[in-house]
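Here is what each chain is made of, one letter per residue.
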Amino acid sequence: MSKIKLLDCTLRDGGYYNSWDFDINLIQDYLKAMDEISVDYVELGLRGFSKDGFKGACAYTTDNFINSLEIPENLNIGVMVNASDLVNHPGGVEAALSKLFAPASESPVSLVRVACHVHEFEKALPASNWLKEQGYIVGFNLMQIADRSVDEIKNLASLANDYSLDVLYFADSLGSLNPEKTSEIIQVIREVWEGPMGIHTHDNMGYALANSMRAVEESVTWIDGTVTGMGRGPGNAKTEYAVIELDNYRNKSINITPLLEIIRKNFHPMQQKYGWGTNTYYYLAGKFGIHPTYIQEMINDSRYDEKDILSVIDHLKLEGGKKFNFDTLEAARNFFMGDPVGTWNPAVEITNREVIILGTGPGIVKHKEALEEYIRVAKPYVIALNTQEYIKADLIDIRAACHPVRLMADYYIHTRLPQPLATPISMLDDKIIDVFKEKEIKDFGIKCEENTFKFEKNYCTVPTALVIAYALSIATSGNASKILLAGFDGYSSDDSRNMEMNELLMLYANSEGARSIVAITPTRYQIEKTSVYQLIGEYVK
C-alpha cells in the first residue's frame, strides 16, 4: 500500500469557478501546504488552446508560469490536457502535443493526464506514446463510464493495454456511483487492465470519500482530492479528509496545520462566494445521471428559483443530460417550438383600459385591501403573474405564464385556479399541451430575441422569457391606456436582479408602442411611482 499516490487538483478543477484566476500568493501558500501533507502530485491546472474569454494562468499552466513559482523540492507537478484539444487539432494529436510540451527534461512538469470522453479515448491514446518518449509520466482519465456496459468498459480498458500508460483513471463524472458500484467498475477494468489504476470522485451524493477509500481497498493506487472539495458542481473528495484517511496506507510525514490555515483564510471565503459542495439538487443530478454543470449554472443564475431547478432536473432526466450543453439548458428552460404564433388578440378585451400587472412582492400583501378597492372602483384589466393568489380571484381577469419550466412546475395549481391562462400554448411541447387541455387558454405567442420588444396582434417578441416581459407585451399588444405595476418591490441594493429588471424596463420604455408604466406600490425599480391610495382618492371623494 506504500504505492498509493495522492494527487491534489484543486487549482485545475476549482478553476471552473473563477476562470483559473488564482492569486499568486494563494498559489504559493497552497504549494507549501501540499508539501506539508506530503501530497505526491499537484495538478496545477490545464494546458490547452482555449481562447474563449479571459482565463487565468492555471488555464494554461505554461512552463514559464510554473518556473515563476517557488515549488517545494519534493512536490511533483502535473497538468491536464483535454483530449478534445488533441484529437480536434488540425495537425493531429502529435502536432498538438508538440505545441504544448517541451521534453520533460526541460520542463518543471513530470505528470501529464489526458481527460477523455469515451468517444475520444481511442483517438487520443497515441498521445501516451509521444508523451512517454518525451519523458513524462502519463495518465489517462476516462470520463462518464458509470453507465457504460461491462463489455464497453472492458473494450476501453483493453485498448489502453496497447499504449504506454502509467496509470488508467476513471472519473465518476456525474457523481452517480456508490461504493458498491465503484467496486464493480474496478473489478471489470481489472479483468483486462493490469497496470496502476486511479479514481477521481465527485460528491453529488456525498460518496466521494467513501468511493475513494473503497477504491483503495480494491487496489486502486492513485487517488484525487481537492482542498475543501473545490471543483465543478458539487466538488470532489476533500484532500484534507483524504490525507487523514490515507495516513495508515501512505506512511508519510503529515503536518495539516498550513492546509487548515489556507482553508480558513482563502478557501472557505471562496466557497461562500462560489457555492461548491453537495446539496439536494446535486444529489438528484447524481441519482439521475445529469451533468453537475447544469446545476451549477442554474444555482448561479438568478432567473432560476427552486421550482425552476427541480423542473429542469425533471426535464433532463427524461431527455438526457449526461453531457453539458448551454443550448440544452436553455431548451429545458425555454423550449418554444417554431415561429411565434398565437390565436388570442388581447386588444379585443383591453383596448383603452388601464392594465394592472400583479407581481408577487410583499407590497401586494401589505396593500391588498387598497389594491382590491381600486380594482373594484376603477375596473382596470388585471393580469396576475403565474400562480400568486393574494388578490381575490373574482378581481383577476387573466393569469400570464410563459416560462415552460414554471408551467410544468405549477400545472396542478393552474388547473384549479378559475381565471383563463394566457400562455403561448401552441408553441409548447405536447406534454405541456396535454396537461392544460381542460384549462381555458388564451394563446398569445412569444419569440425570444436579445434586446428586442415587438408587439404584434397575437404574439410578441421579448428579450427574455421572464413573465413580466410577456405580461407587458400582452398589455401593449392589447392597446392598454397605461400599465400599473403592483407587487414589484425589487431586491436589496446589491442584488444583480435589480439591475436586470431596470434594464428590462428601460428597454421596454424605449420600444416602439410602449405604454407608460407606473408602480402603485413601493418599488426599488427606476420607474415612475405613485400610490394606490392616491388613485383611490381620485375615484372616491
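That block above? That's the structure.
How each quantity is defined
- Residues numbered from 1 in each chain as written.
- Predicted model: local features only at pLDDT ≥ 70, side-chain atom pairs only at ≥ 80, totals over all residues.
- Heavy atoms only, no water.
- Helix = DSSP H or I, 4+ residues; strand = E, 2+ residues; numbered from the N terminus.
- Buried < 20%, exposed > 50% of the residue type's maximum accessible area, 1.4 Å probe, protein only.
- Contact = heavy atoms within 4.5 Å.
- Pairing = 2+ DSSP bridges.
- Axes fitted to C-alpha atoms, helices over the stretch in contact; angles between N-to-C directions.
- Phe/Tyr/Trp six-rings, centres within 6.5 Å; stacked < 30°, edge-to-face > 60°.
- Polar contact = N/O pair within 3.5 Å; in protein donor to acceptor, adjacent residues only side chain to side chain.
- Arc of directions from axis to C-beta.
- Core = buried A, V, L, I, M, F, W, Y, C linked by side-chain atoms within 4.5 Å.
- Salt bridge = Lys/Arg side-chain N within 4 Å of Asp/Glu carboxyl O.
- Parallel < 35°, antiparallel > 145°, perpendicular 65-115°, else oblique.
- Left-handed = near helix turned anticlockwise from the far one by under 90°.
- Nonpolar A, V, L, I, M, F, W, Y, C, P; charged D, E, K, R; others polar.

Visitor: Would you take a moment to explain the overall build of the protein for this structure?
Guide: Check the secondary structure of the protein and you find 26 helices and 19 strands. Along the first, second and third principal axes, the C-alpha set of the protein runs to 90 × 45 × 45 Å. The buried share of the protein, taken over its 541 residues, is 55%. Contacts spanning at least 24 positions in sequence make up 71% of the contacts within the protein whose residues lie at least 6 apart.

Visitor: Mind showing me how you'd approach the sheet that holds strand β6 (residues 167-171) here?
Guide: Two pairing modes exist for strands in a sheet, parallel and antiparallel, and in both the strands are linked by backbone hydrogen bonds. Read once around its circumference, the closed barrel built from eight strands follows the order β1-β2-β3-β4-β5-β6-β7-β8, with strand pairing classed as parallel. Geometrically, the sheet is characterised by an average inter-axis angle of 25 degrees between neighbouring strands, direction not taken into account. As paired elements, strand β5 (residues 137-143) and β6 share five bridges and run parallel to each other. Looking at β6, one finds that L142 is bridged to F170.

Visitor: What is the right way to look at the environment of P420 in this model?
Guide: You can see P420 is positioned in the loop between α22 (404-416) and β12 (421-423). Along the primary structure P420 and K379 are separated by 41 residues, whereas in three dimensions their C-alpha atoms are 18 Å apart.

Visitor: Quick question: what am I supposed to make of the packing of aromatic side chains here?
Guide: We describe a pair of aromatic rings using the distance from one ring centre to the other and the angle between the two ring planes. Tallied over the entire structure, the rule returns 12 aromatic pairs. Seen from their ring centres, Y41 and W222 are 5.2 Å apart, and the 25 degrees between their planes marks the pair as stacked. With Y41 in strand β2 (residues 41-46) and W222 in strand β8 (residues 222-225), this residue pair connects regions lying 181 residues apart in the sequence. Side by side, Y41 and W222 carry an identical accessibility label, which is buried. Judged by centre distance (5.9 Å) and plane angle (25 degrees), the ring pair of F453 and F455 falls under stacked.

Visitor: Is there a simple way to think about the side chain of Q28 in this case?
Guide: By the secondary structure assignment, Q28 is in helix α3 (residues 24-36). A polar contact of 2.9 Å, which involves the side chain of Q28, links it to the backbone nitrogen of E70. In this structure, Q28 is in contact with S68, L69 and E70, ignoring residues within four places of it in sequence.

Visitor: Looking at this model, I keep getting lost on helix α26 (residues 532-539). Mind explaining?
Guide: Since there are 3.6 residues in each turn of an α-helix, residues three or four apart along the chain are aligned in direction. Where α26 is concerned, the buried positions are V532, L535 and I536. For α26, the angular spread of buried residues about the axis comes to 100 degrees, placing them on one side. Of the surrounding secondary structure, the elements contacted by the buried residues of α26 are α21 (368-378) and β17 (482-486). Of the residues flanking the start of α26, the one acting as N-cap is S531, its side-chain oxygen 3.0 Å from the backbone nitrogen of Y533.

Visitor: For this particular structure, what's the right way to read the nonpolar core?
Guide: One broad trend across soluble globular proteins is that nonpolar side chains are buried collectively. Counting residues in hydrophobic clusters, the biggest one holds 100 residues, and the most contacted among them are F101, F121, F140 and I189. At six residues, α3 tops the list of elements feeding residues into this core. Ranked by size, the runner-up nonpolar core spans 38 residues in total, among them W344, A469, I483 and I517.

Visitor: Looking at this model, I keep getting lost on the environment of P362. Mind explaining?
Guide: Inspection of the secondary structure assignment puts P362 in helix α20 (residues 362-366). Looking at P362, the relative accessible area reads 60%, which means it is exposed. In this structure the C-alpha to C-alpha distance between P362 and D339, which are 23 residues apart in sequence, comes to 37 Å.

Visitor: Whenever I open this one, the environment of P292 confuses me. Can you help?
Guide: Examined against the element boundaries, P292 turns out to sit in helix α16 (residues 292-299). Counting along the chain gives 191 residues from P292 to I483, while the straight-line C-alpha distance between them is 41 Å.

Visitor: Before we go on, may I ask you to explain the pattern of salt bridges in this structure?
Guide: Side-chain pairs of opposite charge can arise where the charged atoms are in close proximity. In this structure the tally under the stated criterion is 16 salt bridges. Linking K252 and D40 is a salt bridge whose minimum nitrogen-to-oxygen distance equals 2.3 Å. You can see K252 sitting in the loop between α13 (247-250) and α14 (257-274) and its partner D40 sitting in the loop between α3 and β2, a full 212 residues away along the chain. Classification of K252 as partly exposed rests on a relative accessible area of 33%.

Visitor: Explain the pairing of strand β1 (residues 5-8) to me, please; I cannot follow it from the model alone.
Guide: Each regular strand displays side chains that alternate between the two surfaces of the sheet. With four bridges connecting them, β1 and β8 associate as parallel partners. If you follow L6 over to β8, its bridge partner there is I223. In this sheet, β2 lies alongside β1 in parallel orientation, the contact comprising two bridges. Opposite L7, over in β2, you have Y41 as the bridge partner.

Visitor: Would you mind going over the packing of helix α15 (residues 280-288) against α16 with me for this structure?
Guide: The packing of two helices is summarised by the inter-axis angle and the distance between the axes. Where α15 meets α16, the closest approach of the two axes is 9 Å, and the angle between their N-to-C directions is 155 degrees. Viewed along their axes, α15 and α16 adopt a mutual orientation that is roughly antiparallel. α16 is crossed by α15, and the crossing has right-handed handedness. Across the interface between the two elements, Y281, Y282 and A285 of α15 pack against P292, I295, Q296 and I299 of α16. Of the residues that constitute the contact of α15 with α16, the class distribution is six nonpolar, one polar and no charged.

Visitor: Is there a simple way to think about the sheet that holds strand β15 (residues 454-455) in this case?
Guide: The mixed open sheet is built from three strands, whose spatial order is β14-β16-β15. At either end of the open sheet lies a strand with only one pairing partner, and these are β14 (445-448) and β15. Pairing geometry for β15 and strand β16 (residues 459-462), over two bridges, is antiparallel. Note on β16: the bridge partner recorded for K454 is T461. Of the strands in this sheet, β14, β15 and β16 touch helix α24 (residues 467-477), which is tilted by about 135 degrees from β16.

Fair warning: the whole summary comes from geometry, so function is off the table for now.
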